[in-house]
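# Close look at the chain arrangement
The lines below spell out each chain.
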Amino acid sequence: MQIVLTIVALLIVLGVVVFVHELGHFMAARWAGVRVNTFSIGFGPAILKWHDKKGTVWKIACLPLGGYVSIYGQEDMFDRKKYKDLPADKKKGHYLSVPAWKQFIIIAAGVFMNFVLAWGIYSAMFMAKPKTIQLPVVGQVIQESVAFDAGVKPGDIIVTIDNEKISNWGELIIAKELASNRDAKVLLARGDKLVQVNLSPAEKWGLVADGSKTEFRQLGFFGSLYAGARETYYQSKTLLVVLKQIVTGERSSKQLGSFITIAEVSGKAMAMGMLALLSIIALLSVNLAVLNLLPLPVLDGGYLLILIIEAITRRKLGGKGMEIAIIIGWLFIFALFALTMWNDLARVFGLN
């Protein structure tokens, strides 16, 4: 039963996140007057397929671990001679028939929609369920801990960490994770004074929240929208910092997981209820958006970077060098997939 629940949760989570991402590309292409050949959820042979009035093939494929939108002529962006040689009737609805700024919007729309999805879910969660917020007030400082040695005292209020405002204990935990391999500059309010301390890297700082210092927050519509945007920003920033730490060797690449990890987390969330599942969908949507913005030629971020370079240099990129860059990009994606799969299989079968 748990396996079935896990599979269903994975299909729901991935299906929603991928559908929204590809829907962004699809809607932007339709708006720009560019033809969309295929809209597919999943890869491989189609289980279900139909055509709409504008000729787009919609399908649900047998391997539901992603999806794609096939935009007419997008593959010709590095071979513009092929586009120029097309007869006039074949150029209609072609990707290269619209100006660069519209191409930019078509490519950026998928990432944009993922951010909007995350923002909408987080905002709705703040709106639907008033929260008891644990304020960032120190109740206890563990003896001989990093915080104890730095001079933090019970009753101190955490104001900022590395110049980022801290309004609750959850934000303190995130900020601690972001500063996991360097000194963190922490500004404390102690009575009517402000005190700054440096907390050095450690698994735990040794701070315990004052459980009596809580606040019941009913945010309302606009307050929930702001809180949702703030949560989306924090999750995006956290992922970027973690990726940077993995690249620089400050954090182990073993923390990266594949769709197996996504399935396990989604299954547990589904068992906990709808709010937990929505939270996972929002988090995965943020992760997909941020990863797609990486400047690799095969990702949205790579195509956006190419358009920006072309706009600045007023020269169209292409040729053998771009073909090599695309191949390297695909090799990186395959290597990352292999690494995450190995991490999960090693964890599941105890090979670490």
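I will try to describe carefully the structure that is included in this document. The structure displayed is predicted, hence computed values, not measured ones.

## Quick notes on the pattern of salt bridges
Opposite charge on two side chains permits pairing when their charged atoms draw close. Applying the stated criterion across every chain, the model contains seven salt bridges. Linking Asp-52 and Arg-30 is a salt bridge whose minimum nitrogen-to-oxygen distance equals 2.8 Å. Taken as a pair, Asp-52 in the loop between strand E1 (36-51) and strand E2 (57-71) and Arg-30 in helix H1 (residues 2-32) lie far apart in primary sequence, 22 residues in all. In this structure Asp-52 comes out as partly exposed when scored by relative accessible area, which is 23%. Residue classification places Arg-30 among the partly exposed residues on the basis of a relative accessible area of 26%. Across the pair Glu-264 and Arg-347 runs a salt bridge, and its minimum N-O distance is 3.1 Å.

## Focus on a nonpolar patch on the surface
A cluster of nonpolar residues, Val-4, Val-8, Ile-12 and Val-16, forms a patch on the protein surface that exposes about 260 Å² of accessible area. Considering the arrangement of structural elements, one finds Ile-12 in helix H1.

## Description of the packing of aromatic side chains
What the rule picks out here adds up to ten aromatic pairs. Ring plane angle 75 degrees and centroid distance 5.8 Å describe the contact between Phe-26 and Phe-39, whose orientation is recorded as edge-to-face. Taken together, the residues span a long stretch of sequence, with Phe-26 in helix H1 and Phe-39 in strand E1 at a distance of 13 residues. With a centroid separation of 4.5 Å and an interplanar angle of 15 degrees, the aromatic rings of Phe-39 and Trp-58 are classed as stacked. One end of the pair, Phe-39, is in strand E1; the other, Trp-58, is in strand E2, with 19 residues separating them in the sequence. The residues Phe-39 and Trp-58 share a single accessibility class, namely buried. An aromatic cluster is built from Phe-19, Phe-26, Phe-39, Trp-50 and Trp-58, whose rings are joined through pairwise contacts.

## A short note on the nonpolar core
Nonpolar side chains in soluble globular proteins generally cluster together in the buried interior. The biggest cluster of nonpolar side chains holds 31 residues, and the ones touching the most others in it are Val-34, Tyr-95 and Ile-106. Counting only elements with at least two residues in this core, the list comes to H1, E1, E2, helix H4 (100-128), helix H10 (300-313) and helix H11 (319-348). Top contributing element to this core by residue count: H1, with six residues. Counting residues in each nonpolar core, the second largest holds 25 residues, with Val-13, Leu-117, Leu-243 and Ala-282 among its members.

## Examining the packing of helix H8 (residues 259-272) against helix H9 (residues 274-292)
Contact pair H8 / H9: the axes reach a minimum separation of 7 Å and the direction vectors enclose 150 degrees. Relative to H9, H8 is oriented roughly antiparallel. The segment H8 lies against H9, with Ile-262, Val-265, Ser-266, Ala-269, Met-270 and Met-272 engaging Ala-276, Leu-277, Ile-280 and Leu-284. Looking at side-chain class alone, the contact of H8 with H9 contains nine nonpolar, one polar and no charged residues.

## Observations concerning unusual backbone geometry
A positive phi angle is found at Glu-144, which is not glycine, with a value near 60 degrees. Its relative accessible area of 71% is what places Glu-144 among the exposed residues. Not every positive phi belongs to a glycine, and Asn-163 is a case in point at roughly 70 degrees. Within the element layout of this structure, Asn-163 appears in the loop between strand E5 (157-161) and strand E6 (164-165). Under the relative-accessibility criterion, Asn-163 is labelled exposed at 74%.

## Digging into H8
When the terminal C-alpha atoms of H8 are compared, their 20 Å separation across 14 residues agrees well with the 20 Å that a helix rising 1.5 Å per residue should span. The complete set of buried residues in H8 reads Ile-260, Ala-263, Ser-266, Gly-267 and Ala-269. Phi turns positive, to about 130 degrees, at Gly-273, one or two residues after H8.

## Considering the side chain of Ser-145
Inspection of the secondary structure puts Ser-145 in the loop between strand E4 (138-141) and helix H5 (146-150). Looking at Ser-145, its side chain comes within polar contact range of the main-chain nitrogen of Phe-148, at 3.2 Å.

## Here we look at the environment of Tyr-303
Among the structural elements, Tyr-303 can be located in helix H10. Look past the residues within four positions of Tyr-303 in its chain and what remains in contact with it is Met-77, Phe-78, Ile-107, Leu-296, Pro-297 and Val-298.

Rules and cut-offs
- Residues numbered from 1 in each chain as written.
- Predicted model: local features only at pLDDT ≥ 70, side-chain atom pairs only at ≥ 80, totals over all residues.
- Heavy atoms only, no water.
- Salt bridge = Lys/Arg side-chain N within 4 Å of Asp/Glu carboxyl O.
- Helix = DSSP H or I, 4+ residues; strand = E, 2+ residues; numbered from the N terminus.
- Buried < 20%, exposed > 50% of the residue type's maximum accessible area, 1.4 Å probe, protein only.
- Patch = residues over 30% accessible without salt bridge, like charges linked within 9 Å, V, L, I, M, F, W, Y side chains within 5 Å.
- Areas by Shrake-Rupley, 256 points an atom, 1.4 Å probe, with all protein chains shown as cover.
- Phe/Tyr/Trp six-rings, centres within 6.5 Å; stacked < 30°, edge-to-face > 60°.
- Core = buried A, V, L, I, M, F, W, Y, C linked by side-chain atoms within 4.5 Å.
- Axes fitted to C-alpha atoms, helices over the stretch in contact; angles between N-to-C directions.
- Parallel < 35°, antiparallel > 145°, perpendicular 65-115°, else oblique.
- Contact = heavy atoms within 4.5 Å.
- Nonpolar A, V, L, I, M, F, W, Y, C, P; charged D, E, K, R; others polar.
- Expected span 1.5 Å × (residues − 1).
- Polar contact = N/O pair within 3.5 Å; in protein donor to acceptor, adjacent residues only side chain to side chain.

Take it as geometry only, folks, not as evidence of what the structure does.
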